[in-house]
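Observations on chain architecture
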2 protein chains.
Amino acid sequence: MDTKTLCLGALTFGDASGYEIKKCLEDSIGHFLEVSYAAIYPALADLHKQGLVHCQEVRQRTRPDKKMYRLTPAGRQAFAAALLQSQGRHKIRSEFLALVFFAEFLPASHLQRIVDERLTEFDQFVQLAEEWLAGEGLNAQPGARFAAGYGLAVFRAARDYVRENRHLLDEAATAVAAREA
Amino acid sequence: MDTKTLCLGALTFGDASGYEIKKCLEDSIGHFLEVSYAAIYPALADLHKQGLVHCQEVRQRTRPDKKMYRLTPAGRQAFAAALLQSQGRHKIRSEFLALVFFAEFLPASHLQRIVDERLTEFDQFVQLAEEWLAGEGLNAQPGARFAAGYGLAVFRAARDYVRENRHLLDEAATAVAAREA
DNA sequence: GTAGATATATGTCAGTGTGATATATAAACC
DNA sequence: GGTTTATATATCACACTGACATATATCTAC
């Protein structure tokens, strides 16, 4: 599932510029998959070369000009084919857990600050997901609802675990303080 | 938290070769952070150039020769400094959820096969983590136990959610079947 | 016994993605 | 009047991934 495929996917919701594609992906699956402009713009240029999207420049008075992209029939086919090709892997890259794993090498205050940041993030996501599922989500596709529900369940579990067990990390830091004294 | 830092971290457990470092990291935080040989070997070469690790070639009769690396005092300091520098972000790149999000474009059978694979992976992790926490984990550092407990909580939540809600995805696929008929 | 898989061990390479930076306009805010 | 936020596109150095290449030894199944 490379950036090209994600762009094609975003365009199944309707025509969009690179900027709008980024917003679309962020708002939908942004919590599970990051996309950056540095990946999107070259991807769109490639897709255009391959004839998978149509591109039209739009002059705007009140905003900078933009390039609107539209899926071609070939693009729609290529998207379906790419989805079938994807293995559907679920990867996590957590520097947070790496830091926690090496807790013995960090000052307690630093560690707790990092924990607080993660907790804030988890809380925010839980709230957003709850609101979405109770509001707009009611009209969304089943796949989108499933994904949001998954996120809610997992982030809730993460939040609760961290809240209830963060005190264990004080022991880790204490161990180092004692060692260094 | 780049590969160099992870290598230094692995070496705080004792001297090791690149191959052994990979195993060490896989066995400890492998479920939250992937590392590949293609990243490790150049990282070790760099660390050696910078004087952060000491390197000695070891000739072996029954196995291929290996290069054993050891943390230098400068390396230990650099590790602590790099940890302090790390923001501790928690990123997820889930093609699984992306596929689910675009469920309407996939055949039901394909989708359910992908769900089965994820479920198997979640189950395996839950079992591994339970065993580790009840066994070796009892002697591990608090940080390592916290990380394992976090993984257990989150993967359990993921497993339970997917088990109880996978039927929602049949609706998605049915919608497409109806549309295409 | 021998064929094939698995484990040990190190490395490269093309392609892809990230984070930072650059540029420019307009609206909203204080 | 100045700062921040939003719109809009793009490039660059660097890091990482997945696939491949190479070599030896052990373990398993027939």
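Residues numbered from 1 in each chain as written. Chains lettered and ligands numbered in written order. Predicted model: local features only at pLDDT ≥ 70, side-chain atom pairs only at ≥ 80, totals over all residues.

**Here's the deal with the packing of helix α1 (residues 3-11) of chain A against helix α2 (residues 18-29) of chain A**
Residues and elements named next belong to chain A. Running from N to C, α1 and α2 cross one another at 90 degrees; their axes reach a closest spacing of 10 Å. Considering the angle they form, α1 stands roughly perpendicular to α2. Taken together, the residues of α2 that come into contact with α1 (itself represented by L6, C7 and A10) are I21, C24 and L25. (Axes fitted to C-alpha atoms, helices over the stretch in contact; angles between N-to-C directions. Helix = DSSP H or I, 4+ residues; strand = E, 2+ residues; numbered from the N terminus. Parallel < 35°, antiparallel > 145°, perpendicular 65-115°, else oblique. Contact = placed C-beta atoms within 7 Å.)

**Quick word on helix α7 (residues 142-165) of chain A**
Compared with an ideal rise of 1.5 Å per residue, which puts 24 residues at 34 Å, α7(A) spans 34 Å between its outermost C-alpha atoms and is within 8% of the ideal. With 18 of 24 residues buried, α7(A) lies mostly within the body of the structure. (Expected span 1.5 Å × (residues − 1). Buried ≥ 20, exposed ≤ 12 C-beta atoms within 10 Å, placed from the backbone.)

**Looking at the domain arrangement of chain A**
Domain annotation of chain A identifies domain 1 (3-85) and domain 2 (95-180). Taken together, the contact between domain 1 of chain A and domain 2 of chain A spans 4 residues of the former and 4 residues of the latter. (Domains from an automatic or database assignment.)

**Concerning the protein's contact with DNA strand D**
Around DNA strand D, a shell composed of 23 residues is seen, among which Y19(A), A38(A), K66(A), D2(B) and A38(B) lie nearest. Where the surface near DNA strand D is concerned, the elements lending two or more residues are α2, α3 (37-49) and β2 (66-71) of chain A together with α3 (37-49) of chain B. Grouping the constituent residues of the surface near DNA strand D by class yields 10 nonpolar, 6 polar and 7 charged. (Near = placed C-beta within 6 Å. Nonpolar A, V, L, I, M, F, W, Y, C, P; charged D, E, K, R; others polar.)

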